[in-house]
Amino acid sequence: MGKFRGWHIVAGIAAMVLTGFLGTAMGLSNTATFMASCVAFVAVSLWMDSRIALRRRERAREFESRKARGTAGEAAQGTESACDAVRAADCDDDRRS
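Residues numbered from 1 in each chain as written. Predicted model: local features only at pLDDT ≥ 70, side-chain atom pairs only at ≥ 80, totals over all residues. Heavy atoms only, no water.

Structural notes on the overall build of the protein
Per the secondary structure count, the protein includes four helices and zero strands. Traced from its N-terminal end to its C-terminal end, the protein shows the element sequence α-α-α-α. Counting only residues that meet the buried cut, the protein has 21% of its 97 residues in that class. Long-range contacts, defined as pairs at least 24 residues apart, comprise 64% of the intrachain contacts of the protein with a sequence gap of at least 6. (Helix = DSSP H or I, 4+ residues; strand = E, 2+ residues; numbered from the N terminus. Buried < 20%, exposed > 50% of the residue type's maximum accessible area, 1.4 Å probe, protein only. Contact = heavy atoms within 4.5 Å.)

A few points about the pattern of salt bridges
In this structure the tally under the stated criterion is one salt bridge. Across the salt bridge formed by Glu 62 and Arg 66, the nearest N and O atoms sit 2.9 Å from each other. Placement of both Glu 62 and Arg 66 in helix H2 (residues 30-69) is noted, with a separation of four residues, approximately one turn of the helix. The exposure class assigned to Glu 62 is partly exposed, which follows from its relative accessible area of 34%. (Salt bridge = Lys/Arg side-chain N within 4 Å of Asp/Glu carboxyl O.)

Let's talk about the packing of aromatic side chains
The tally for this structure, following the rule as stated, stands at one aromatic pair. Consider the rings of Phe 4 and Trp 7, whose centres lie 5.0 Å apart with planes at 85°: the pair is edge-to-face. Look at Trp 7 and you get partly exposed, because its relative accessible area is 35%. (Phe/Tyr/Trp six-rings, centres within 6.5 Å; stacked < 30°, edge-to-face > 60°.)

Examining the side chain of Ser 45
In this fold, Ser 45 is placed in helix H2. Ignoring any residue separated from it by four or fewer positions in sequence, one finds Ser 45 in contact with His 8, Ile 9 and Gly 12.

A closer look at the packing of helix H1 (residues 7-25) against H2
Two elements in contact, H1 and H2, have axes separated by 7 Å at closest approach and are oriented at 150°. Taken as axis vectors, H1 and H2 run roughly antiparallel relative to one another. Considering only the axes of H1 and H2, their crossing is right-handed. Taken together, the residues of H2 that come into contact with H1 (itself represented by Trp 7, His 8, Ile 9, Ala 11, Gly 12, Ile 13, Ala 15, Met 16, Thr 19, Gly 20, Gly 23 and Thr 24) are Thr 33, Phe 34, Ala 36, Ser 37, Cys 38, Ala 40, Phe 41, Val 44, Ser 45, Met 48, Asp 49 and Ile 52. For the contact of H1 with H2, a count of residues per class yields 14 nonpolar, nine polar and one charged. (Axes fitted to C-alpha atoms, helices over the stretch in contact; angles between N-to-C directions. Parallel < 35°, antiparallel > 145°, perpendicular 65-115°, else oblique. Left-handed = near helix turned anticlockwise from the far one by under 90°. Nonpolar A, V, L, I, M, F, W, Y, C, P; charged D, E, K, R; others polar.)

Some remarks on a nonpolar patch on the surface
A surface patch of nonpolar side chains, amounting to about 370 Å² of accessible area, comprises Ile 9, Ile 13, Val 17 and Phe 21. By the secondary structure assignment, Phe 21 is in helix H1. Judged by relative accessible area, Phe 21 falls into the exposed class, the value being 59%. (Patch = residues over 30% accessible without salt bridge, like charges linked within 9 Å, V, L, I, M, F, W, Y side chains within 5 Å. Areas by Shrake-Rupley, 256 points an atom, 1.4 Å probe, with all protein chains shown as cover.)

Points about the confidence of the model for the protein
Across the protein, pLDDT averages 81, with 70% of residues at or above 70. Per-residue pLDDT, averaged within each element of the protein, yields its smallest value for helix H3 (residues 72-77) (52) and its largest for H1 (95). (pLDDT = per-residue confidence, 0-100.)

Below you can see the structure in the form of structure tokens.
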């Protein structure tokens, strides 16, 4: 997922487009199709945002537990692995915003 923070918006737009096509295919009026598309956008965006936030919290919790107990490899080297450093930076960015 990287640093891009708009995945929930992209998913909402995709749901909006799909709902628009389905509403048109079902023969709904333009107003009804638009309203259904807006509802789909909000629902999918909120759901996707909650799933992303949950995943980030789990990664942060995992990182903190690893940091607290430390692994044998880190104790021998005295540094964090590159993967943990990236996760820590991502978690710190989440806390700032």
